[in-house]
Amino acid sequence: MVVEDTYTGPRYPEDGVLTRGHVEELIEHLRNQKAVHKKYAFKLLIAAKKIFGAMENIVTLPVGSGSVITVCGDTHGQYYDLLNIFKLNGMPSSENPYLFNGDFVDRGSFSVEVILTLLALKIHDPNCMHLTRGNHESESMNKIYGFEGEVKAKHGERLFKSFSELFRSMPLAYVLDGTPVSGGKRALVLHGGLFSRDGVMLEDLQKLDRFREPDTGLMAEMLWSDPRKENGWGTSKRGIGASFGPDVTKRFLDANNLELVVRSHELKDEGYEIEADGRLITVFSAPNYCDQMGNSGAYIRFKSDMKPDISLFKAVPHPDVKPMAYVSNAGLMGLG
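Just so it is clear, the structure is predicted and the values come from calculations on it, not from any experiment. (Residues numbered from 1 in each chain as written. Predicted model: local features only at pLDDT ≥ 70, side-chain atom pairs only at ≥ 80, totals over all residues. Heavy atoms only, no water.)

**Quick look at the overall build of the protein**
Next, step 1: Secondary structure summary: the protein contains 10 helices and 14 strands in total.
Next, step 2: What you see for the protein is a C-alpha radius of gyration of 19 Å, in line with the 20 Å of a compact globule of 336 residues.
Next, step 3: Along the first, second and third principal axes, the C-alpha atoms of the protein reach 60 × 45 × 35 Å.
Next, step 4: Split into buried and exposed, the 336 residues of the protein put 57% on the buried side.
Next, step 5: Within the protein, counting contacts between residues at least 6 apart in sequence, those at least 24 apart form 72% of the total.
Next, step 6: Looking at the protein as shown, the accessible area adds up to about 13600 Å², and 49% of this sits on carbon and sulfur atoms.
Next, step 7: Where the 39 positive side-chain charges of the protein centre and where its 44 negative ones centre are 1 Å apart. (Helix = DSSP H or I, 4+ residues; strand = E, 2+ residues; numbered from the N terminus. Rg over C-alpha atoms; globule rule 2.2 N^0.38 Å. Buried < 20%, exposed > 50% of the residue type's maximum accessible area, 1.4 Å probe, protein only. Contact = heavy atoms within 4.5 Å. Areas by Shrake-Rupley, 256 points an atom, 1.4 Å probe, with all protein chains shown as cover. Lys, Arg positive; Asp, Glu negative; His and termini not counted. Charge placed at Lys NZ, Arg CZ, Asp CG, Glu CD.)

**With respect to the packing of helix α3 (residues 79-89) against helix α4 (residues 111-124)**
Any two packed helices are characterised by how steeply their axes cross, that is the angle between the axes, and by the distance between the axes.
Next, step 1: It is at 9 Å that the axes of α3 and α4 come closest, and there the two elements cross at 35°. Once α3 is placed against α4, the crossing between them reads as right-handed. Contacts between α3 and α4 involve Y79, L82 and F86 from the first element and E113, V114, T117, L118 and L121 from the second.
Next, step 2: Its residues assigned to classes, the contact of α3 with α4 shows six nonpolar, one polar and one charged. (Axes fitted to C-alpha atoms, helices over the stretch in contact; angles between N-to-C directions. Left-handed = near helix turned anticlockwise from the far one by under 90°. Nonpolar A, V, L, I, M, F, W, Y, C, P; charged D, E, K, R; others polar.)

**Points about unusual backbone geometry**
Next, step 1: Phi is positive for A276, which is not a glycine, with a value near 55°.
Next, step 2: For A276, the location among the structural elements is in the loop between β11 (272-275) and β12 (280-283).
Next, step 3: The phi dihedral of D277 falls on the positive side, at around 55°, and the residue is not glycine.
Next, step 4: Considering the arrangement of structural elements, one finds D277 in the loop between β11 and β12.

**Focus on the sheet that holds strand β5 (residues 173-177)**
Hydrogen bonding along the main chain pairs the strands of a sheet, whether they run parallel or antiparallel.
Next, step 1: With mixed pairing, six strands are arranged side by side in an open sheet as β1-β5-β6-β10-β12-β11. Bordering the open sheet on either side are β1 (58-62) and β11, each of which pairs with just one other strand. Direction aside, neighbouring strands of the sheet carry axes that sit 20° apart on average.
Next, step 2: Sheet analysis places β5 next to strand β6 (residues 186-190), joined by five bridges and oriented antiparallel. Each residue of the ladder has a partner; that of Y174, found in β6, is V189. (Pairing = 2+ DSSP bridges.)

**Digging into the environment of M129**
Next, step 1: Looking at the element boundaries, M129 is found in strand β4 (residues 129-132).
Next, step 2: On a C-alpha basis, the gap between M129 and H37 in space is 23 Å, while along the polypeptide they are 92 residues apart.
Next, step 3: Those residues in contact with M129 that lie beyond four places of it in its chain are F86, P92, Y98, F100, L118, L121 and K122.

**Quick look at the sheet that holds strand β9 (residues 243-244)**
Next, step 1: Taken in spatial order, the three strands make up an open sheet running β7-β9-β8, and their pairing is mixed. Unpaired on one side and paired on the other, β7 (226-227) and β8 (233-234) mark the two borders of the sheet.
Next, step 2: Of the pairings in the sheet, the one linking β8 to β9 comprises two bridges and is antiparallel in character. Bridged to W233 within β9 is F244.

**Focus: the pairing of strand β14 (residues 309-313)**
Next, step 1: Where strand β13 (residues 297-302) and β14 come together, five bridges link them in antiparallel fashion. Residue pairing across strands places I300 opposite I310, the latter belonging to β14.
Next, step 2: Here β13 folds back onto β14, and the loop between the two strands holds six residues, one of which, M306, carries a positive phi near 60°.

**Topic: the packing of aromatic side chains**
Think of a pair of aromatic rings as described by two things: how far the centres are apart, and how the planes are tilted against each other in angle.
Next, step 1: Within the structure shown, the criterion is met by 13 aromatic pairs.
Next, step 2: Ring geometry for F284 against Y289: centres 5.2 Å apart, planes inclined by 85°, an arrangement best described as edge-to-face. Each member of the pair, F284 as well as Y289, carries the same accessibility label: buried.
Next, step 3: In this structure an aromatic cluster arises from ring pairing among F147, F160, F163 and F167. (Phe/Tyr/Trp six-rings, centres within 6.5 Å; stacked < 30°, edge-to-face > 60°.)

**Some remarks on α4**
Next, step 1: In this model α4 runs 20 Å from its N-terminal to its C-terminal C-alpha over 14 residues, within 8% of the 20 Å that 1.5 Å per residue would give.
Next, step 2: Within α4, 13 of the 14 residues are buried, leaving the element largely enclosed by the surrounding structure. (Expected span 1.5 Å × (residues − 1).)

**Structural notes on the environment of R212**
Next, step 1: Looking at where R212 falls in the secondary structure, it is placed in the loop between α8 (202-206) and α9 (217-224).
Next, step 2: Put simply, R212 and R133 are 79 residues apart on the chain and 12 Å apart in space, counted from C-alpha to C-alpha.
Next, step 3: Once residues within four sequence positions are removed from consideration, R212 is found in contact with R133, R168 and M219.
Next, step 4: A polar contact is formed between the side chain of R212 and the backbone oxygen of D209, at a distance of 3.2 Å. (Polar contact = N/O pair within 3.5 Å; in protein donor to acceptor, adjacent residues only side chain to side chain.)

Distances and angles like these do not, on their own, reveal function.
Below is the structure:
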């Protein structure tokens with residue numbers, strides 16, 4: 001693939017070593033609404049897929065004494081709000097790691113910028129950036145809610161196919177493990193929620209074939225399910241996944257020696273919601289969702305005790321490209 005002489009943007013280094021300087025150059029280039037050359041975008045996806053492909057379905061991440069990890073929810077292509085998180089909470093590093101809990105793309109019209117930045121950070125330092133797959137990291141959603149159209153407009157169809165392959169390689173969840181520290185706890189972080197039956201163990205989830213579209217079985221429930229206020233199970237409002245009560249949450253957590261489940265997947269007016277007597281937290285990090293909902297965004301910092309330190313933030317201005325600008329019949333799309 002030929003790089004034109006007129007291209008003046010960031011380049012993927014020939015030795016494959018992506019430095020902090022390379023990442024900062026990429027961020028500034030994207031902030032100014034300039035496209036990365038398709039050749040280098042491909043290289044980012046290839047390198048990231050190699051990292052993800054070697055990971056387990058459920059990744060255990062130790063949170064030791066004095067360590068803190070920041071968990072963020074859906075960002076949905078709101079690039080300038082993503083950069084604001086880094087401004088407020090510090091740039092990702094091994095000493096200031098982040099876990100972004102799926103739904104990086106769709107709806108917002110800067111989805112390419114969001115995912116390329118997160119991938120570049122992952123490649124630069126795998127310990128500074130952790131990513132889980134959301135229900136919008138799937139072909140069916142991308143075809144409806146804008147990411148496919150955005151990628152094709154900015155980089156062409158081949159790159160969209162590479163994104164689909166990349167998304168299928170992403171881990172499904174993380175266990176934040178503070179137990180090496182006295183009094184430490186464990187928390188499960190996954191995009192959607194829990195399951196339509198009791199008895200599901202983390203070992204069962206490790207055995208899943210995740211390298212596919214998330215449309216059936218336990219994998220679909222991990223990415224699509226929602227909590228409800230009533231005990232027991234109900235019919236999912238989404239037509240896929242489960243609707244599970246606080247009693248279901250507590251039984252699952254106790255059976256798997258977990259203190260807490262952290263999930264995203266749902267807009268919350270305050271950017272977060274705590275349920276199940278403090279044992280389930282929803283975090284949503286796309287403020288003023290789709291430029292019209294008026295909600296706050298949130299991120300959560302966890303130490304080894306898994307007690308949430310929640311920060312709220314408001315939306316910041318972005319260039320005049322409307323949400324879902326790359327969706328056909330965007331006005332017909334809901335916000336769920």
